[in-house]
Amino acid sequence: MKRIPVFMLAICSTLIFGQKVSDYKYIFIPEKFEAFKKDSYGLETFLAKALTGKKYVVLPANRDQWPSEAKDNSCNILDANVLDDSGLFTNKVILEFKDCNKQTILEAKGRSNIKEFEKGYPDALTQALVSVKVSAPVNILPAAQISETTNNTEITTSAGTSTATANAAVSTASNFSNGKLDLQKVQIDNTQFILAKSGSSVPFAIFKSTSKKDVFMVKLDNGMTTIGYFENGNIVIDVPQADGKYSKETFAAK
């Protein structure tokens, strides 16, 4: 199979994997922003209210109260944080959002000339929030549970529907290995699938279709983007190396 040129790969990677905060529905905010050692002046509550107003679902501290598509797929969630970036006479904050791979999706800065902390910090955070668009979630991963059966693997949705009756968004998984890692291929829909380690909520790799048959853009668990393709029934990933070159990693069907 012919390879896609590297310069085309770089362009396609930006287009396909350019995630935005507004692509997400669920946001987790810690009970206390660690950057504010003594007093965070209610910024956690302030941020939660602001994000709710932008149609995000702010998850409670109790994980048992989370909806299944958030609880069962951590990659449906962004972690929000506020850092104290203040100077001597100016209250400044940095608003951060990170995905399940700890990659920063957005870093927005805000500043206020209000000297009082109680008013200055919320004012600075309000400015930072201007960069956050209203939630318009895309590609929410299904809350799927993988369970082994006698002869094959069955995917069951949170509603309890098996692959025999579920729609194409969840389909049977097959097993692949490179001799070091044993992974399961889970078909999300007809344009994307994931390779997942058993028992892990974070995909090892996410594959999205390109215009070329059996060639995919791939986002790895370390945040890197590359190319993948089928070859003789196996899955091949071109893994980026530190020197800018690529090594061929083959996952053979089991």
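Residues numbered from 1 in each chain as written. Predicted model: local features only at pLDDT ≥ 70, side-chain atom pairs only at ≥ 80, totals over all residues. Heavy atoms only, no water.

Chemist: Can you walk me through the sheet that holds strand 14 (residues 234–240) in this structure?
Modeler: Strand pairing in a sheet takes place through backbone hydrogen bonds and is either antiparallel or parallel in direction. Strand order in the closed barrel made by the eight strands is 8-9-10-11-12-13-14-15, with antiparallel pairing throughout. Each neighbouring strand pair of the sheet contributes to a mean axis angle of 30 degrees, computed without reference to strand direction. Bridging between strand 8 (residues 174–177) and strand 9 (residues 182–189) involves four bridges; their strand directions are antiparallel. For N175, the partnering residue across the bridge sits in strand 9 and is Q184. (Pairing = 2+ DSSP bridges. Helix = DSSP H or I, 4+ residues; strand = E, 2+ residues; numbered from the N terminus. Axes fitted to C-alpha atoms, helices over the stretch in contact; angles between N-to-C directions.)

Chemist: Would you take a moment to explain the pairing of strand 5 (residues 104–112) for this structure?
Modeler: Note on strand geometry: in a regular strand, side chains alternate between the two faces of the sheet. Taken together, the eight bridges between strand 4 (residues 91–98) and strand 5 define a ladder with antiparallel strand orientation. Across the sheet, the residue bridging to L95 is A108, located in strand 5. Following strand 4, the chain reverses through five residues before pairing antiparallel with strand 5; K102 in that reversal takes a positive phi of roughly 65 degrees.

Chemist: In this structure, what is going on with the pattern of salt bridges? I would like to understand it.
Modeler: Opposite charge on two side chains lets them pair, provided their charged atoms get close. Scanning the model with the defined rule gives seven salt bridges in all. Residue K25 is joined to E69 by a salt bridge in which the shortest nitrogen-to-oxygen separation is 3.6 Å. Of this pair, K25 sits in the loop between helix 1 (6–17) and strand 1 (26–28) while E69 sits in helix 3 (residues 68–71); the two residues are 44 residues apart in sequence, bridging distant segments of the chain. Accessibility expressed as a relative area gives 26% for K25, which makes it partly exposed. (Salt bridge = Lys/Arg side-chain N within 4 Å of Asp/Glu carboxyl O. Buried < 20%, exposed > 50% of the residue type's maximum accessible area, 1.4 Å probe, protein only.)

Chemist: How do you make sense of the packing of helix 2 (residues 43–53) against helix 4 (residues 117–128) when you look at a structure like this?
Modeler: A pair of packed helices is captured by two measures, namely the crossing angle of their axes and the spacing between those axes. The contact between helix 2 and helix 4 brings their axes to 10 Å, and the two run at 30 degrees. By the angle class used here, helix 2 and helix 4 are roughly parallel. The chirality of how helix 2 crosses helix 4 is right-handed. Here L43, F46 and L47 of helix 2 come into contact with helix 4, specifically with Y121, P122, L125 and T126. When its residues are assigned to classes, the contact of helix 2 with helix 4 shows six nonpolar, one polar and no charged. (Parallel < 35°, antiparallel > 145°, perpendicular 65-115°, else oblique. Left-handed = near helix turned anticlockwise from the far one by under 90°. Contact = heavy atoms within 4.5 Å. Nonpolar A, V, L, I, M, F, W, Y, C, P; charged D, E, K, R; others polar.)

Chemist: How should the nonpolar core be read in this particular structure?
Modeler: When a protein is soluble and globular, its nonpolar side chains tend to lie buried together. With 26 residues, the main nonpolar core has L47, L51, V82, L95, F97, L125 and V132 as its most contacted residues. At the level of secondary structure, the elements contributing two or more residues to this core comprise helix 2, strand 3 (77–84), strand 4, strand 5 and helix 4. Excluding residues within four positions of it along the chain, F97 makes contact with V21, I27, L51, L78, D79, A80, Q103, T104, I105, L106 and V132. (Core = buried A, V, L, I, M, F, W, Y, C linked by side-chain atoms within 4.5 Å.)

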